[in-house]
Amino acid sequence: MTQETKDFAFLHFIVLIWGFTAILGVLIELPSVEMVFFRTLLASLGLLAIVYFRKKPFLFQQRKDHWVTIGTGALIAAHWILFFLSARISNVSVCLAGMATCSLWTSFLEPLFNKRRIKPYEVVLSVIAFVGIAIIFNVEFDYFLGLILAMLSAAIAALFTVINGKLTKREDPFVITFYEMIGATLAIALFFPLYLSFEGIDSLALSPTLSDWGYLIILALVCTVYAYSYSVKLMKRLSAFSVNLTVNLEPVYGIAMALVFFPEKEKMTSGFYLGTALILASVLIYPLINRRLKRKALNTDLLR
């Protein structure tokens, strides 16, 4: 088994964990903003312990990276708030399907950031995924707002994934995630006054129930500290596009789990599953094309 195959297998395991986050978002009774605040705060503490006990340096090689990661943390906070909000006002399936547009955004953002040409096959595969989204949108119009919020969340995810792809080339993934979680926590704390004003409420919901604490710990330590940190680490060897295209499988894993946890709420039309099938096709085709092009390039080099 090649290193690339191992990396993709591990990435699929991480995506399976992420598919469970939308379910946790529905099970936790806290509002989306407060939930993400506790998630990032607990994740920050967990990462602080990991970085300390692994004796990793807390300072980056380049000073500007501290501000870049903290700013990226604010993007992550916005992504998670929109993600959980989408799952609540629509359902888990629609939210996860909307997130599959992440590869479409990445196919344009990654070349822009890395100053390389846009690869036509990446755009084609992203369009296939987008057609799947369009079909879902057409047959599930009642979930319009939830789908739009999920797609916006996906665009933000594409942006910070590309940024992380550059950061991992020179910094430790756990330290990167540590600063990003701090940035996310600070961003939400600063957002609280505006949030209170916008919602027209007098106080924040900062008293989780016992069951909420249990779900929050799983969300923070398993789905964030473990899964997110290792996804950042994988980006040392995998491109942002290949990572985000594989993340398109999150709807499949998530929908399967959602049907178990919420069988009545998650029943969808045949059009929804057709759209999801197209998203799946784009994911499965990519490694085949990528492997073939690499083999072709290798053979060309040998012939020279």
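Above this text you will find the structure in question.
**Q** Just checking my understanding: could you explain the overall build of the protein chain for this structure?
**A** Scanning the protein chain from terminus to terminus reveals 13 helices and zero strands. Starting at the N terminus and walking to the C terminus, you meet the elements of the protein chain as α-α-α-α-α-α-α-α-α-α-α-α-α. By residue count, 50% of the 304 residues in the protein chain fall in the buried class. Counting every atom, the protein chain has about 14400 Å² of accessible surface; 69% of that belongs to carbon and sulfur.

**Q** Can you walk me through the nonpolar core in this structure?
**A** Considering soluble globular proteins, one finds that nonpolar side chains tend to be buried as a cluster. Formed by 71 residues in total, the largest nonpolar core has its most connected members in Ile-188, Leu-216 and Leu-219. Looking at this core element by element, the count peaks at ten residues for helix α9 (residues 173-199). Membership of the second largest hydrophobic core comes to six residues, among which are Val-94, Ala-97, Met-151 and Ile-255.

**Q** I tried to follow the pattern of salt bridges on my own but got confused; where do I start?
**A** Pairs can form between side chains of opposite charge whenever their charged atoms are close. One pass over the full model with this rule turns up two salt bridges. Residue Asp-172 is joined to Lys-56 by a salt bridge in which the shortest nitrogen-to-oxygen separation is 3.4 Å. Placement of the pair is Asp-172 in the loop between α8 (144-167) and α9 and Lys-56 in the loop between α3 (32-53) and α4 (64-89), with a sequence separation of 116 residues. Residue classification places Lys-56 among the partly exposed positions, given a relative accessible area of 27%.

**Q** Honestly, a nonpolar patch on the surface in this entry has me stumped. Any pointers?
**A** Taken together, Leu-85, Ile-89, Phe-144, Leu-145 and Ile-148 make up a surface patch of nonpolar side chains, about 420 Å² in accessible area. Breaking the nonpolar patch down by element, the ones donating at least two residues are α4 and α8. Considering each element in turn, the nonpolar patch owes the most residues, three residues, to α8. Note on Leu-85: relative accessible area 34%, which makes it partly exposed.

**Q** Explain the packing of helix α1 (residues 3-19) against helix α10 (residues 210-234) to me, please; I cannot follow it from the model alone.
**A** To describe two helices that pack against each other, one gives the angle between their axes and the distance between the axes. With their axes 10 Å apart at the nearest point, α1 and α10 run at an angle of 150° to one another. When the axes of α1 and α10 are compared, the pair comes out roughly antiparallel. For the element pair α1 and α10, the recorded crossing hand is left-handed. Between α1 and α10, the residues in contact are Asp-7, Phe-10, Leu-11, Phe-13, Ile-14, Ile-17 and Trp-18 and Val-222, Cys-223, Tyr-226, Ala-227, Tyr-228, Tyr-230, Ser-231 and Leu-234, respectively. Split by residue class, the contact of α1 with α10 holds 13 nonpolar, one polar and one charged.

Reading guide: rules and limits
- Residues numbered from 1 in each chain as written.
- Predicted model: local features only at pLDDT ≥ 70, side-chain atom pairs only at ≥ 80, totals over all residues.
- Heavy atoms only, no water.
- Helix = DSSP H or I, 4+ residues; strand = E, 2+ residues; numbered from the N terminus.
- Buried < 20%, exposed > 50% of the residue type's maximum accessible area, 1.4 Å probe, protein only.
- Areas by Shrake-Rupley, 256 points an atom, 1.4 Å probe, with all protein chains shown as cover.
- Core = buried A, V, L, I, M, F, W, Y, C linked by side-chain atoms within 4.5 Å.
- Salt bridge = Lys/Arg side-chain N within 4 Å of Asp/Glu carboxyl O.
- Patch = residues over 30% accessible without salt bridge, like charges linked within 9 Å, V, L, I, M, F, W, Y side chains within 5 Å.
- Axes fitted to C-alpha atoms, helices over the stretch in contact; angles between N-to-C directions.
- Parallel < 35°, antiparallel > 145°, perpendicular 65-115°, else oblique.
- Left-handed = near helix turned anticlockwise from the far one by under 90°.
- Contact = heavy atoms within 4.5 Å.
- Nonpolar A, V, L, I, M, F, W, Y, C, P; charged D, E, K, R; others polar.

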